[in-house]
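Remarks on the overall topology
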Amino acid sequence: MNKIHDYFMQNSKTFFLHNKIKEYEHKLNYQSNWTYHKIKRYEKRWKRLVQKYDCIYVYGIEFVSIGETVARLFMFLEDRLKRSKNAFHVVLPTFYKDYYIGGVVNKKIFDVFGRRIHFISEGNLEFWKYCIFFHSDKISTEYFDKYRYRDSSVVFNIKIGKPLLPFTKEIEEYANKKMQKMGVVGEYICIHAREVATKTNNFISEYDDTSVLDADINSYRQACSYMKKLGCQAIRMGKDESKKCEIEDVVDYANYFYDELMDFYLIANCKFLIGCSSGITAISTFWGRPVLQTNLIVWCYGQEALPWTDYDLYIPKKFYSRRKERLLNLYEMWEVSLKCDRHSERFKKEKIELIDNTEEEILKATIEMNEKLDHTWKITEEETKCMEKYWQVLNIWKNNHRVAYSSKDNGGLGLAMYNRPISYSYLRENMYLLDVKELYEES
């Protein structure tokens, strides 16, 4: 039966699309209810569509995590500008079939992108199911998998405060009322500390443990206090977070005000985001907002089709090798990152202990981020030299590994390495990170 199923999935467009629709219905807990009058209405609607457009293309885009989804949608928008206006393009949400058990990651994506992208959603699912069943000969799946991989060659032109996708007037009005209820007035920052529950709630139990990516929301305490003194509120992002935020005067949006639409609006209007390795840090720059990424452990890929601003910074977790009985330098950390990715068991196997960022380290990086945004940070000759060394080490590592080509063997478009600068405040206190033998061999 599996062979028969696979055969028809590859050779029958109707069967292929019908199965994709069925998977979507299952995630939505949706049941079709066709009636004679609905079918008549759908047929009229279909005729109007084909009279206006020469061809109808369906694209499958994964809706399993916010970072993965939003990046693909912006790839779609960037690419769609080059297409013929005589074609109609519609996006069908798809899902990891074998191990993803969650639903649509954020249904307000349909509203945020709705003026630019035609989605198959709950409101029109029955119509498109009808079209697939009766008119699949007129629907093209030629580019269905075009956005299966995020493309490392895609580059977005990002400017601070200039979103790639502005909100509609209706969304602005709705969001402003929500802001009033939350008590948010004036300038604010967003903070987010990743918790592995996001994955365990949405993936099968056998999914690899990725808790090494996690961070403690309360490690942002000193940073929030500093920003508060400058008259800047802090808003805790996330959804149903288990770790209690004990930082004074932080608005706990995650637990008390959560709203799928506000995920986008709050990020789009903050001064900057302090986060870690999570989807929310991946989407903020699309709306022109810089990111201070803390507790970073993954550099070697995963940055495909993700933009960055000129002000983005990061600070990594420390990598202590029990084999070498010392902290690893940057080059060595990237070696481990490439081998272990975000899987806890792999770090254990390599005997690597990961040490979280301290409150003081996050505070210093926050001061640097804020002052650079306010143009009050003074770049010293020492900083210039240190950062030149940093980029040298990064380029040597990339030249030695060619990471950006490794996924092409699997049909992908190549991988992109993390390309944001490390915080100088952090680097200055941890100069061993630049003690890389390859750097001296190169020179």
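Refer to the structure presented above.
The rules behind each value
Counting starts from 1 at the beginning of each chain's written sequence and moves along it residue by residue. Given that the model is predicted, a residue must reach a pLDDT of at least 70 before its local features are reported, and side-chain atom pairs must reach 80 or more before they are shown or counted; all residues, however, enter totals for whole chains, interfaces and linings. Hydrogens and water molecules were not included; the side-chain quantities draw on all heavy atoms of the structure. DSSP-based pairing: two strands are paired if at least 2 bridges between them are found. By definition, any uninterrupted DSSP run of H or I lasting at least four residues is a helix, any uninterrupted run of E lasting at least two residues is a strand, and each is numbered from the N terminus. Burial status follows relative accessibility: with a 1.4 Å probe on protein chains alone, a residue under 20% of its type maximum counts as buried, one over 50% as exposed, and anything between as partly exposed. Put simply, buried Ala, Val, Leu, Ile, Met, Phe, Trp, Tyr and Cys residues joined by side-chain atoms within 4.5 Å make one nonpolar core. We call two residues in contact when some of their heavy atoms are within 4.5 Å. A fitted line through C-alpha atoms serves as each axis, taken over the contacting stretch for helices, and the angle formed by two N-to-C directions is quoted from 0 to 180°. With the strands aimed away from the viewer, a crossover counts as right-handed if its path from the first strand over the helix to the second runs clockwise.

A word on the sheet that holds strand 4 (residues 139-140)
Sheets are built from strands paired through backbone hydrogen bonds, the pairs being either parallel or antiparallel. Strand order in the open sheet made by the four strands is 3-2-1-4, with parallel pairing throughout. Pairing within the sheet leaves two strands with one partner each, and these edge strands are strand 3 (118-119) and strand 4. Here strand 1 (residues 55-62) runs beside strand 2 (residues 87-94); their pairing, made up of eight bridges, is parallel. Bridging across to strand 2, Tyr57 finds its partner in His89.

So, unusual backbone geometry
The phi dihedral of Asn295 falls on the positive side, at around 55°, and the residue is not glycine. With respect to the helices and strands, Asn295 occurs in strand 8 (residues 291-296). On the basis of relative accessibility, which here comes to 1%, the residue Asn295 falls in the buried class. Its identity as a non-glycine residue notwithstanding, Ala305 has a phi of 60°, on the positive side. Residue Ala305 is classed as buried on the basis of its relative accessible area of 2%.

Considering the nonpolar core
Judged by nonpolar contacts, the single largest core of 81 residues is most densely connected at Phe113, Leu266 and Trp287. The element best represented in this core is helix 4 (residues 66-80), accounting for eight residues. Here Trp287 is in contact with Val70, Phe74, Val112, Phe113, Pro163, Leu165, Phe167, Phe264 and Ala268, once residues within four sequence places are set aside. If you look at the next biggest cluster of nonpolar residues, it comprises 64 residues, including Ile217, Cys224, Leu330 and Trp377.

Concerning the sheet that holds strand 8
The five strands are arranged 6-5-7-8-9 in an open sheet whose pairing can be described as parallel. Looking along the sheet, the strands with just one partner apiece sit at the ends: strand 6 (233-236) and strand 9 (313-316). Across this sheet, the average inter-strand angle for adjacent strands is 15°, counted without regard to direction. In this structure, strand 5 (residues 188-191) lies alongside strand 6, joined through four bridges in parallel fashion. Bridge assignment links Ile191 to a residue of strand 6, and that residue is Arg236. Lying over the sheet, helix 15 (residues 359-373) contacts strand 7 (273-275), strand 8 and strand 9, oriented at roughly 170° with respect to strand 9.

Description of the pairing of strand 2
Among the eight residues in strand 2, eight count as buried, and that is most of the element. Here strand 2 shows two buried faces, one formed by Ala87, His89, Val91 and Pro93 and the other by Phe88, Val90, Leu92 and Thr94. Traced from strand 1 through helix 4 to strand 2, the parallel crossover comes out right-handed. Judged from the two bridges that link them, strand 2 and strand 3 form a sheet pairing that is parallel. By the bridge assignment for strand 3, Val90 is matched with His118.

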